[in-house]
Amino acid sequence: MKSNIFYRFLLAVLILIGGYACDTDNLIDLDDPKYMLTPDNADMSMLFTNILISHGRGSTGGNPARLEGGYCKYYATYSNLMLFGGLYQFDQGLNDNPWGVYTGALKMSIALEDFLVKKDDPNQVNNLAMTRIMKVAVIQRLTDFYGDVPITEAGQAYISNNMKPGYDRQADIYKYMLQTLDQALTSFSTDATVVSLTWKGNADPKKARDIVYNGNIDKWKKYGYSLMLRIAMRASDADAAMAKTYAEKAIAGGVITNNADNWTLQTKDGMNSEKSPYSSFFEGSPSGDPERYMKLGEYFVDFLKAKADPRRKVIFGGRLNNTITAVTASNMQTYWRDESKWDWDLSQAKGMVHGTNANPSPTLAAYHWTYTSPNPFLFTMDQPLSILTASEMNYLIAEAALNSWTTGTTAAAAYEAAITASMNFMSSFSGLLPTQKIESSEITDYIAANPLGTGDAAKQRLAEEMWVSMYMNPTEAWSNVRRMNLNLPSNSATAQMPTRYAYPENERSNNLDKLNAAITAQGWSTSMTREEEISKKLWWDKN
């Protein structure tokens, strides 16, 4: 906005001071630009840290578990936590939440990019490239929720006073993201001066900027090319030629194939804003109402058991000992990470039934005796948040190889590398019990028992494995389920899994003309219900 809250605050301060000051002449000095907070006299690099935190934490936590975790069958509960994710009952607040990037990570990315472009400092090229990569990461998540969204005119309120941005078609957004990544990745510099000014981490939080890769340009390039591969493969059914071009470019450029290069945001057991959002949610922090403890979903548990998947050891928690009848909020938080309070027999693990808002057990205590919880030793308060991993990239390389695209490897080799990376990643969490670690022999045996195969069977196997491996990232799992047409059973007898989010209420109130134009451009009725809207498909969802 043109009007600046700071200026209003400054004016109020001046009036207050004027009421008490004897010498008002010196107040003229406060009009000097050096006293005004502007991008030029502020440390804009702090925005980059906030972008990383906002993207990492915004991609995880209770909402993805409740919604996409329900869509993907990972979780189930009879409580009202999963009316949207479990029963597909539309919830405006949960639906609108991801749109918040327009006042958060996306707004910051656009502002920082604008500042660096206008600064036109050749020694800042790496920082500009990193900023643009993160901008694409934020856009990708946003458009995969809502489809056509404002991008070209987004974030322009304070730059050009555009308060009602027009919408871009998702096909154009995907081209823009791929082109932006290509430009950013080829602009990185190894010049000593540039590298010395590239944002890095620091033991002192006040000095830390790049808290993901510590200014490591090689890792940023791997992440950028990995985003390129993810985006290209997601577009592969809608625009195969474009997808092939950029997928091959990404693989040749070098994507993340080792867990050491995963995009990971660290957390710690400190303030609520520092803890793992997933872990705080699953342990019921801070309230811990016992009926609100989610369980693993029946379909997911049964699938892992049928495959004898070693990841059961990491994913499956326990069932509360049936000698325990006290299940108040304080009881459950006390029990949550007390190993002795739970039955850990994997063979007896039982997933909660999907699509019900009534307790299928006779009592609340019996609910906890019967159904398997998420593993509390996986979801510790300092659990790192990995948003893009080596296993996902290896699976996508395998899929590209099945398409006969140039990958430098075979589909089978990439598939095996993906499973290995997934299981090693799941075993890497420091809070796990010794018995919950996956042995290398178990990985070898699982791969031997579950070969990739060929043709349609291979694509189905890839879709299943990606679904399992993305347990820690339900939002991206949901996108892959939609794109790869993984046939998960519906949670409802009267509705199907949502295939997109509805446009938020705020847009209907403040940007209705542009919103209606976007809806009409997609061939939809502006009077459709929210339930109808969430059943529409995105541009790239052709299955």
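Residues numbered from 1 in each chain as written. Predicted model: local features only at pLDDT ≥ 70, side-chain atom pairs only at ≥ 80, totals over all residues. Heavy atoms only, no water.

Caption draft 1: The arrangement of the overall build of the protein chain in detail. Helices and strands together make up the secondary structure of the protein chain, namely 26 helices and 6 strands. Relative to all contacts within the protein chain whose residues are 6 or more apart in sequence, the contacts with residues 24 or more apart total 77%. Where the 51 positive side-chain charges of the protein chain centre and where its 58 negative ones centre are 2 Å apart. (Helix = DSSP H or I, 4+ residues; strand = E, 2+ residues; numbered from the N terminus. Contact = heavy atoms within 4.5 Å. Lys, Arg positive; Asp, Glu negative; His and termini not counted. Charge placed at Lys NZ, Arg CZ, Asp CG, Glu CD.)

Caption draft 2: Looking closely at the environment of Met 426. With respect to the element layout, Met 426 can be found in helix H20 (residues 411–426). Judged by relative accessible area, which is 2%, Met 426 ranks as buried. Sequence separation of Met 426 and Asp 456 is 30 residues, and the distance between their C-alpha atoms is 28 Å. Discounting chain neighbours no more than four positions away, the residues touching Met 426 are Arg 311, Val 314, Ile 315, Leu 378, Leu 432, Tyr 471 and Met 472. (Buried < 20%, exposed > 50% of the residue type's maximum accessible area, 1.4 Å probe, protein only.)

Caption draft 3: Just the nonpolar core, in detail. By size, the foremost hydrophobic cluster in this structure holds 154 residues, and its most contacted members are Tyr 75, Trp 220, Tyr 223, Leu 229, Trp 263, Trp 467 and Tyr 471. If one sorts the elements of this core by residue count, helix H8 (residues 125–146) sits on top with 12 residues. The next biggest cluster of nonpolar side chains, apart from the first, holds 5 residues, and it includes Ala 76, Tyr 78, Tyr 367 and Tyr 371. (Core = buried A, V, L, I, M, F, W, Y, C linked by side-chain atoms within 4.5 Å.)

Caption draft 4: The packing of aromatic side chains, seen in detail. All told, the structure shown has 41 aromatic pairs when counted by the stated rule. Taking the centre distance of 4.9 Å and the plane angle of 85° together, the rings of Tyr 78 and Tyr 367 count as edge-to-face. Of the two residues, Tyr 78 sits in the loop between strand E1 (75–76) and helix H5 (83–87) while Tyr 367 sits in helix H18 (residues 364–370), which places them 289 residues apart along the sequence. As far as the burial class goes, Tyr 78 and Tyr 367 line up, both buried. Ring centres of Phe 145 and Trp 478 lie 6.3 Å apart, and the angle between their planes is 40°; this geometry places the pair in the tilted category. With a gap of 333 residues between them, Phe 145 in helix H8 and Trp 478 in helix H23 (residues 474–484) connect regions that are remote in the sequence. For the residue pair Phe 145 and Trp 478, the accessibility class agrees, reading buried in each case. The structure contains a cluster of three or more aromatic residues connected by ring pairs, namely Tyr 71, Phe 84, Tyr 88, Phe 90, Trp 99, Tyr 102, Phe 145, Tyr 146, Tyr 167, Trp 478, Tyr 501 and Tyr 503. Positioned over the ring face of Trp 478 is Arg 482, at 3.6 Å from the centre of the ring. Above the plane of the ring of Tyr 503 lies Arg 500, whose end atom (NZ or CZ) is 4.9 Å from the centre. (Phe/Tyr/Trp six-rings, centres within 6.5 Å; stacked < 30°, edge-to-face > 60°. Lys NZ or Arg CZ within 6 Å of the ring centre and 35° of its normal.)

Caption draft 5: Structural detail: the side chain of Asn 127. Looking at the element boundaries, Asn 127 is found in helix H8. A distance of 2.9 Å separates a polar side-chain atom of Asn 127 from the backbone nitrogen of Trp 199. Excluding residues that lie within four positions of it along the chain, Asn 127 makes contacts with Leu 116, Leu 197, Thr 198 and Trp 199. (Polar contact = N/O pair within 3.5 Å; in protein donor to acceptor, adjacent residues only side chain to side chain.)

Caption draft 6: Spotlight on the confidence of the model for the protein chain. For the protein chain, the average pLDDT comes to 91, and 91% of its residues sit at 70 or higher. In the model, residues 5–23 has pLDDT below 50 throughout and makes 9 contacts with residues more than four positions away in sequence or in other chains. (pLDDT = per-residue confidence, 0-100.)

Caption draft 7: Highlighting H20. Between its first and last C-alpha atoms H20 spans 22 Å; for 16 residues at 1.5 Å apiece the expected length is 22 Å, and the two agree. Of all the positions in H20, only Ala 411, Ala 414, Tyr 415, Ala 418, Ile 419, Ala 421, Ser 422, Met 423, Phe 425 and Met 426 are classed as buried. Looking at the buried side of H20, the elements it contacts are helix H16 (312–315), strand E6 (385–388), helix H19 (390–402), helix H21 (440–449) and helix H22 (455–469). (Expected span 1.5 Å × (residues − 1).)

Caption draft 8: Layout of the side chain of Thr 499. The topology assignment puts Thr 499 in the loop between H23 and helix H24 (505–510). Using a relative accessible area of 12% as the deciding quantity, one classes Thr 499 as buried. Ignoring anything within four residues of it in the chain, the contact list for Thr 499 reads Trp 478, Arg 482, Ile 534, Ser 535, Lys 536, Lys 537, Leu 538 and Asp 541.

Caption draft 9: Region of interest: the pattern of salt bridges. Under the counting rule described, the total for this entry stands at 26 salt bridges. Its salt-bridge partner being Arg 230, residue Glu 476 comes within 3.5 Å of it at the nearest N-O pair. Note that Glu 476 is positioned in helix H23 and Arg 230 in helix H12 (residues 217–234), a separation of 246 residues in sequence. (Salt bridge = Lys/Arg side-chain N within 4 Å of Asp/Glu carboxyl O.)

Caption draft 10: Looking closely at the packing of H19 against H22. Two elements in contact, H19 and H22, have axes separated by 10 Å at closest approach and are oriented at 170°. Considering the angle they form, H19 stands roughly antiparallel to H22. Of H22, the residues touching H19 (which contributes Ser 391, Glu 392, Tyr 395, Leu 396, Ala 398, Glu 399 and Leu 402) are Ala 458, Lys 459, Leu 462, Glu 465, Met 466 and Ser 469. Taken together, the residues of the contact of H19 with H22 break down into 7 nonpolar, 2 polar and 4 charged. (Axes fitted to C-alpha atoms, helices over the stretch in contact; angles between N-to-C directions. Parallel < 35°, antiparallel > 145°, perpendicular 65-115°, else oblique. Nonpolar A, V, L, I, M, F, W, Y, C, P; charged D, E, K, R; others polar.)

Caption draft 11: Representation of helix H7 (residues 105–119) within the structure. Over its 15 residues, H7 extends 21 Å from the first C-alpha to the last, a length consistent with the 21 Å expected when each residue adds 1.5 Å. By the criterion of burial, H7 is predominantly enclosed, with 11 of the 15 residues buried. Within the sequence span of H7, burial applies to Ala 105, Leu 106, Met 108, Ser 109, Ile 110, Ala 111, Leu 112, Glu 113, Asp 114, Phe 115 and Leu 116. Structurally, H7 contributes buried residues whose contacts are with helix H2 (46–58), H8 and helix H9 (157–160).

Caption draft 12: Broad picture of the environment of Gly 58. By the element assignment, Gly 58 lies in helix H2. Linking Gly 58 and Gly 100, residues 42 residues apart in sequence, is a C-alpha distance of 9.4 Å. Gly 58 has contacts with Ile 53 and Arg 141, leaving out every residue within four places of it along the chain.

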